[in-house]
Amino acid sequence: MHHDILDVIKNIKDLYENNSSLAILKDFERVLDEMDVYVYENWEDGELCYGPKVGRHWIKVGFMWPHKSMPNPIGAKRLTEIGCKVSYQKSHLVEPRPIRNENDIRPGTKKGRLDRNPIWIVEIQMPKQIAFDIYKGYMDKMQNDYKGDTMPAESSAAPAVPAAPAPAAAPAAPAGGGGGAVPAPGGV
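Conventions used here
Residues numbered from 1 in each chain as written. Predicted model: local features only at pLDDT ≥ 70, side-chain atom pairs only at ≥ 80, totals over all residues. Heavy atoms only, no water. Helix = DSSP H or I, 4+ residues; strand = E, 2+ residues; numbered from the N terminus. Buried < 20%, exposed > 50% of the residue type's maximum accessible area, 1.4 Å probe, protein only. Contact = heavy atoms within 4.5 Å. Areas by Shrake-Rupley, 256 points an atom, 1.4 Å probe, with all protein chains shown as cover. Patch = residues over 30% accessible without salt bridge, like charges linked within 9 Å, V, L, I, M, F, W, Y side chains within 5 Å. Salt bridge = Lys/Arg side-chain N within 4 Å of Asp/Glu carboxyl O. Lys, Arg positive; Asp, Glu negative; His and termini not counted. Charge placed at Lys NZ, Arg CZ, Asp CG, Glu CD. Phe/Tyr/Trp six-rings, centres within 6.5 Å; stacked < 30°, edge-to-face > 60°. Arc of directions from axis to C-beta. Polar contact = N/O pair within 3.5 Å; in protein donor to acceptor, adjacent residues only side chain to side chain. Core = buried A, V, L, I, M, F, W, Y, C linked by side-chain atoms within 4.5 Å. Pairing = 2+ DSSP bridges. Expected span 1.5 Å × (residues − 1).

1. What about the overall build of the chain?
Across its full length, the chain carries 4 helices and 5 strands. For the chain, the sequential pattern of α-helices and β-strands runs β-α-α-β-β-α-β-β-α. A burial count over the chain gives 26% of its 188 residues as buried. Look at the contacts in the chain between residues 6 or more apart in sequence, and 68% of them connect residues 24 or more apart. Surface accessibility of the chain: about 13400 Å² in total, with carbon and sulfur atoms responsible for 56%.

Listed below in C-alpha cells is the structure:
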C-alpha cells in the first residue's frame, strides 16, 4: 500500500475545516504528550498521514516517518500499556521530485517526476475513554491553576491583617445525652 502526498494534504485541509476533528486530534496528541511518548527517539518528527477516524469506541490516527527514522517502539509500548493498539507498517509515499534539471520533469508536462519514498506508518487506535479522561484531567488542572493564579493576586493587593483569635469552644454535651434545649443566656 502506498500513500499519496495529495491525500495527506487533503486530510490536513479537511482537518482545519472541521473544528471537531481538530479538537479530537488535539485531545489525541495530549494523550501522547501525557504518556511522554515524545521523549523517545524520532516520535516528535512524525507527520499526520490520515485521521482522526472516530468510531464508536476508538479513535484511529496514522502518522508517518521517513524509513530511516523509525520511531522507537518503546514509545508505542507505553501506549499499549494504557489500552491503545499500535501497529507499524512499511509503506511508500508518492511525492513529486524537486526539479533541478530536465530529467526531473515528467514527459509531456511541466511537473516533476513522482518518486516513491519508503516510509513507516504507525497507526494508533486509542479508546475514546482514555482521550476523554486525559482531557478531563487537563481541564481540571487548568481550572486549578487559574484559581491558584487569582488567589495570590487578590491576597497580595490587600494589606496583611493579623487573624482574629478563634472563638472559645462550646461546652460538650453531657455523657448521657440528657438534654434537649440549650438555655438562653442570662437566665433559665
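2. A closer look at a negative patch on the surface
On the surface, a cluster of negative charge is contributed by Glu29, Asp33, Glu34 and Asp36. Here Asp36 shows up in the loop between helix H2 (19–34) and strand E2 (47–54).

3. Quick look at the packing of aromatic side chains
Counted by the stated rule, this structure contains 4 aromatic pairs. On the numbers, 6.2 Å between centres and 80° between planes, the contact of Tyr88 with Trp120 is edge-to-face. Here Trp120 lies in strand E5 (residues 114–127) and Tyr88 lies in strand E4 (residues 85–96), a separation of 32 residues in the sequence. In textbook terms, an aromatic cluster arises when at least three aromatic residues are bridged by ring pairs, as seen for Phe28, Trp43, Phe63 and Trp65.

4. Section: helix H3 (residues 73–80)
For H3, every residue scored as buried is listed here: Gly75, Ala76 and Leu79. All buried residues of H3 project into a common sector of 100° when viewed along the axis, lining one side. Packing partners of the buried residues in H3 comprise H2, E4 and E5. Where H3 begins, the side chain of Asn72 points an oxygen toward the backbone nitrogen of Ile74, at a separation of 3.0 Å.

5. Quick word on the nonpolar core
With 22 residues, the main nonpolar core has Phe28, Phe63 and Ile124 as its most contacted residues. Taken together, the elements giving at least two residues each to this core come down to H2, strand E3 (58–66), H3, E5 and helix H4 (128–157). Those residues within four positions of Ile124 in sequence are excluded, and the remaining contacts are Phe28, Leu32, Trp43, Ile59, Lys60, Val61, Phe63, Leu79, Cys84, Lys85 and Val86. Judged by nonpolar contacts, the second largest core, of 7 residues, contains Val8, Leu93, Ile119 and Ile121.

6. Notes on the pairing of E5
Across 9 bridges, E3 lies against E5 in antiparallel orientation. Looking across to E5, one finds that Val61 is bridged to Ile124. As paired strands, E4 and E5 are joined by 12 bridges and run antiparallel to one another. Residue pairing for E5: Val86 is matched across the bridge by Ile124.

7. Looking at H2
Here H2 spans 22 Å end to end across 16 residues, near enough to the 22 Å set by a 1.5 Å rise per residue. What H2 keeps buried is the set Ser21, Leu25, Asp27, Phe28, Arg30, Val31 and Leu32. Note on H2: the residue one or two positions beyond its end, Asp36, has a positive phi of about 55°.

8. A few points about the pattern of salt bridges
Taken as a whole, this structure holds 6 salt bridges when the rule is applied. A salt bridge links Glu17 to Lys13, with the shortest nitrogen-to-oxygen separation between them at 4.0 Å. Linking Glu17 with Lys13, this pair stays in helix H1 (residues 5–17), spanning 4 residues, or about one helical turn. In this structure, Glu17 and Lys13 share a single accessibility class: exposed.

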